[in-house]
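Each chain, letter by letter, is given below.
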Amino acid sequence: MIILGIDTSCDDTSAAVVLDGRRMLSNVIHSQVKLHHAYGGVVPELASREHVRNIMPVVGESLLRANVRMRDLEGIAVTVGPGLVGALLVGLYYAKCLAYVHQIPLVAINHLEGHILSIFLEKEVPLFPFIALTVSGGHTSVYTVEGYGRYTQMGQTLDDAAGEAFDKVAKILGLGYPGGVPIEKTARDGRKDRIHFPRAYLSNDSLNFSFSGLKTAVALYVKKWCNGEIENSDVTLADIASSFQESVVDVLVNKVMRARKKESVSAVMVAGGVACNNRLRTKMLEAASAEAVPVYFPRPEYCTDNAAMIAVAGYHRIMYGERADLSMDVRSKYPIQDLSPIKKTAT
Ligand code: KG4
Ligand code: ZN
């Protein structure tokens, strides 16, 4: 079954063609990073306008690269939330038009389900049930995944997402936007234990996260550091970046391993933009191998926002017979608990 996936939830216009929910035939991503860079974050109105400009060529390119025609498509899967309303609307209405004109089944996809299922684009996949951490600029949540469409949220951030913390701290350190990659690069020359930044919620049983206190702690530290108020200091910018990164990574790894123990499942997977971070990958692998648990990371192209993961989710929902009608709307907030389960699983 050939599915076209479309995702315009934030600042990437993406379209992908996926065969049988497993094999990526194309995954085209038009990034708007350069456009938003000057503003230090995504400007919703600019994002919508840019999606309008790019949606047609991006979808066209995805069909071309996959070497399929519109009439070969057996389903269209489109992200309807969570995300920026104006941005989501562009993808949704384009998908509706295509589905109506070419009479192709259409299905509405939750972006978070896409991140959770992104691992199924890889050769090596976890067995159900497993623990999934989705960690990006907009989300930080831990789920138990019992099957396709069967997710239980066990914890989430109570304030900033981990990627948001990377972006805000990068701004404080003058490293630009988005912050994940420059912080990781800068941290390579730094000492991860030079400054002890706070690690929230490590001391109780909660599987929730909080990163806004950490961001404030870094901001206060940097202010003192710039004013020369840190005594006997040989602290470098790289030390600050590395110590900050370590604090985020420690919390993420700790909570995921706790969730695994609590649910006694035998596999863990990590997805979303922050899952590209190599320090997170290393520490997660170390912690999991100490408990003889396999950890799965999608390749970076499938960690950051992409439409291939949306096509994977769409495949399982279309196989089950799920269809969206043309009256469906976008949802800026779309908790995974609101998802309908997929009862019959595609093989
Ligand atoms: O999944 P994604 O592309 O978009 C959202 O749904 O948010 O994630 C983007 C986020 C940004 O906050 C970015 O700073 C972060 O992922 N990110 C990273 C790295 N690469 C991207 N954070 C830490 N280390 C990285 N290497
Ligand atoms: Zn995302």
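Residues numbered from 1 in each chain as written. Chains lettered and ligands numbered in written order. Predicted model: local features only at pLDDT ≥ 70, side-chain atom pairs only at ≥ 80, totals over all residues. Heavy atoms only, no water.

Observations regarding the overall build of the protein chain
If you tally the helices and strands in the protein chain, you get 11 helices and 10 strands. Expressed as lengths along the three principal axes of its C-alpha atoms, the size of the protein chain is roughly 70 × 45 × 30 Å. In the protein chain, buried positions account for 54% of the 347 residues. When contacts within the protein chain are restricted to residue pairs at least 6 apart in sequence, those whose partners lie at least 24 apart make up 74%. (Helix = DSSP H or I, 4+ residues; strand = E, 2+ residues; numbered from the N terminus. Buried < 20%, exposed > 50% of the residue type's maximum accessible area, 1.4 Å probe, protein only. Contact = heavy atoms within 4.5 Å.)

Observations regarding the pattern of salt bridges
Applying the stated criterion across every chain yields a total of 19 salt bridges. The salt bridge partner of Glu-291 is Arg-260, with a shortest N-O separation of 2.9 Å. In this pair, Glu-291 sits in the loop between helix H9 (278-290) and strand E10 (295-296) while Arg-260 sits in helix H8 (residues 237-263), placing the two residues 31 residues apart along the sequence. Given the relative accessible area of 29%, Glu-291 is considered partly exposed. It is possible to trace a salt-bridge network through shared partners that takes in Arg-199, Glu-246, Asp-250, Arg-279 and Lys-283. (Salt bridge = Lys/Arg side-chain N within 4 Å of Asp/Glu carboxyl O.)

A short note on the environment of Ala-187
Here Ala-187 shows up in helix H6 (residues 180-187). The sequence separation of Ala-187 and Ser-243 amounts to 56 residues, and the corresponding C-alpha distance is 7.9 Å. Ignoring any residue separated from it by four or fewer positions in sequence, one finds Ala-187 in contact with Ala-238, Ala-241, Ser-242 and Gln-245.

Focus on the nonpolar core
Counting 65 residues, the largest nonpolar core has Leu-4, Ile-6 and Ile-76 as the members making the most contacts within it. Looking at which element gives the most residues to this core, the answer is helix H11 (residues 308-319), with eight residues. When residues of this core are assigned to domains, at least three map to each of domain 1 (2-117 + 304-338) and domain 2 (126-297). (Core = buried A, V, L, I, M, F, W, Y, C linked by side-chain atoms within 4.5 Å. Domains from an automatic or database assignment.)

Some thoughts on the sheet that holds strand E9 (residues 268-271)
Ordered by their spatial adjacency, five strands build an open sheet running E8-E7-E6-E9-E10, and the pairing between neighbours is mixed. Each edge of the open sheet is held by one strand with a lone partner, namely strand E8 (150-156) and E10. (Pairing = 2+ DSSP bridges.)

Some points on the site of ligand 1
Lining the immediate surroundings of ligand 1 are 21 residues, of which Gly-137, Asp-167, Gly-180, Glu-184 and Asn-277 lie closest. Between an oxygen atom of ligand 1 and a main-chain N or O atom of Gly-137, the distance comes to 2.8 Å. Between ligand 1 and Gly-138, the relevant distance is 3.4 Å, taken from an oxygen atom to a main-chain nitrogen or oxygen of the residue. Calculation on ligand 1 without its partners gives an accessible area of 550 Å², and the protein chains cover 89% of this total. Looking at the shell around ligand 1, the elements with two or more residues in it are helix H4 (111-117), helix H5 (162-172) and H6. Among the residues forming the shell around ligand 1, the class breakdown is six nonpolar, 12 polar and three charged. If you count residues domain by domain, the shell around ligand 1 takes at least three from each of domain 1 (2-117 + 304-338) and domain 2 (126-297). (Near = heavy atom within 4 Å. Polar contact = N/O pair within 3.5 Å; in protein donor to acceptor, adjacent residues only side chain to side chain. Areas by Shrake-Rupley, 256 points an atom, 1.4 Å probe, with all protein chains shown as cover. Nonpolar A, V, L, I, M, F, W, Y, C, P; charged D, E, K, R; others polar.)

A few points about the packing of H5 against helix H7 (residues 212-226)
Packed helix pairs are specified by the crossing angle of their axes together with the interaxial distance, meaning the distance between the axes. In contact at an axis separation of 10 Å, H5 and H7 are set at 10° when each is read in the N-to-C sense. Considering their axes alone, H5 and H7 lie roughly parallel with respect to each other. Residues Lys-168, Val-169 and Ile-172 of H5 pack against Lys-215, Val-218, Ala-219 and Val-222 of H7. Partitioning the contact of H5 with H7 into residue classes produces five nonpolar, no polar and two charged. (Axes fitted to C-alpha atoms, helices over the stretch in contact; angles between N-to-C directions. Parallel < 35°, antiparallel > 145°, perpendicular 65-115°, else oblique.)

Comments concerning the coordination of the zinc ion (ligand 2)
His-111 (NE2), His-115 (NE2) and Asp-305 (OD) make up the full set of protein donors to the zinc ion (ligand 2), lying at 2.1 to 2.2 Å. Each of the four donor atoms bound to the zinc ion (ligand 2) contributes to angles spanning 91 to 142°, and the resulting shape is irregular. Within one chain, the residues donating to the zinc ion (ligand 2) are spaced in sequence as H-x3-H-x189-D. A residue pair is termed long-range when its members are at least 10 positions apart, and His-111 in helix H4 and Asp-305 in the loop between helix H10 (300-303) and H11 qualify at 194 residues. (Donors = N, O, S within 2.8 Å, 3.2 Å for Na, K, Ca; no water. Tetrahedral: all angles 85-135°; square planar, octahedral: opposite > 155°, others 65-115°.)

Things to note about helix H2 (residues 44-66)
Taken as a whole, H2 carries its principal kink of about 45° at Asn-54; the proline Pro-57 stands between one and four residues after it. Listed as buried for H2 are Leu-46, Ala-47, Ser-48, Glu-50, His-51, Asn-54, Ile-55, Val-58, Val-59, Ser-62, Leu-63 and Ala-66. Packing partners of the buried residues in H2 comprise strand E1 (2-7), strand E2 (12-19), strand E3 (23-31), helix H1 (33-37) and helix H3 (85-102). Of the residues trailing H2, Asn-67 is marked for its positive phi of about 60°. (Bend = angle between axes of the 7 residues up to and from the residue.)

Quick look at the domain arrangement of the protein chain
Taken domain by domain, the protein chain comprises domain 1 (2-117 + 304-338) and domain 2 (126-297). Each side of the interface is counted separately: domain 1 has 19 residues, and domain 2 has 18 residues. Both sides of the domain 1 and domain 2 interface together cover about 1600 Å² of buried area, and 71% of this is carbon and sulfur. Counting the surface domain 1 buries against domain 2, the share from its top three residues, His-115, Ile-116 and Ile-336, is 35%. (Buried area = accessible area lost by both parts, 1.4 Å probe.)

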